[in-house]
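Notes for the structure review
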Amino acid sequence: MSDATTPTTIRQHGPRALAIRWADDHESVYDVRGLRLACACASCIDEWTGAERLDEARVPMDVHPLSLHAVGRYAVQIEWSDGHSTGIYTFERLRKLCPCAACAGGEDLRTEESTNSRQPQRRNSDTST
Ligand SMILES: [Zn+2]
Ligand SMILES: [Zn+2]
């Protein structure tokens, strides 16, 4: 494990963001809903096909972490306000998700939609019952 994937502090940064400072002195500030949507657990991502099973429209706009649990020394488990708690985020993945300009170009963290969500079209088309 390198400094780049070793967090020194993880803290809530206002109601909408989570900040992680890394041992290499880099700081990542994540939109918390973006992190929730990036959950890679078996109920959010199909284990076999890799397809996303998480229905973004059902994740509350104000979703936020209730608690964080260290998982060994390589990951953190986040318990979310929408009741979801099976997501484990490895530090390596979190570092890749860093949305700052210096790291941008990595994995796509879907924050754009949460900042400009004035067209809730999906609500009408969600008749999959
Ligand atoms: Zn999940
Ligand atoms: Zn960064």
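Further up the page is the structure itself.
Along its length, the protein carries four helices and six strands. In sequence order, the protein lays out its α and β elements as β-β-β-α-β-β-β-α-α-α. Counting the 129 residues in the protein, one finds 16% classified as buried. Sequence-distant contacts, at least 24 apart, represent 35% of the contacts inside the protein between residues at least 6 apart.

What follows is about the sheet that holds strand S4 (residues 65-71). Taking strand neighbours across the sheet as the criterion, the three strands line up as S4-S5-S6 in an open arrangement whose pairing is antiparallel. Strands at the two margins of the open sheet, each flanked by one partner only, are S4 and strand S6 (88-90). Across this sheet, the average inter-strand angle for adjacent strands is 30°, counted without regard to direction. Looking at chain direction, S4 and strand S5 (residues 75-80) are connected through six bridges and run antiparallel. Its bridge partner being in S5, Ala70 is matched across the sheet by Val76.

Burial of strand S2 (residues 17-22) is one-sided: the residues Leu18, Ile20 and Trp22 facing one way are buried, the residues Ala17, Ala19 and Arg21 facing the other way are not. Two strands pair when backbone bridges link them, and strand S1 (residues 7-12) and S2 are joined in this way by five bridges, in the antiparallel orientation. Residue Ile10 lies in a different strand from S2, and its bridge partner there is Ile20. Linking two consecutive strands that pair antiparallel, namely S1 and S2, is a turn of four residues; a positive phi of about 75° is found at Gly14 within it. Strand direction decides the pairing type here: S2 and strand S3 (residues 27-31), joined by five bridges, are antiparallel. Note on S3: the bridge partner recorded for Leu18 is Tyr30. Hairpin connection, S2 to S3: the antiparallel pair is bridged by four residues, and Asp25 has positive phi, about 75°.

Below, the discussion takes up the environment of Thr6. Mapped onto the secondary structure, Thr6 falls in the segment before S1. Linking Thr6 and Arg21, residues 15 residues apart in sequence, is a C-alpha distance of 8.6 Å.

About the cut-offs
Residues numbered from 1 in each chain as written. Chains lettered and ligands numbered in written order. Predicted model: local features only at pLDDT ≥ 70, side-chain atom pairs only at ≥ 80, totals over all residues. Helix = DSSP H or I, 4+ residues; strand = E, 2+ residues; numbered from the N terminus. Buried ≥ 20, exposed ≤ 12 C-beta atoms within 10 Å, placed from the backbone. Contact = placed C-beta atoms within 7 Å. Pairing = 2+ DSSP bridges. Axes fitted to C-alpha atoms, helices over the stretch in contact; angles between N-to-C directions.

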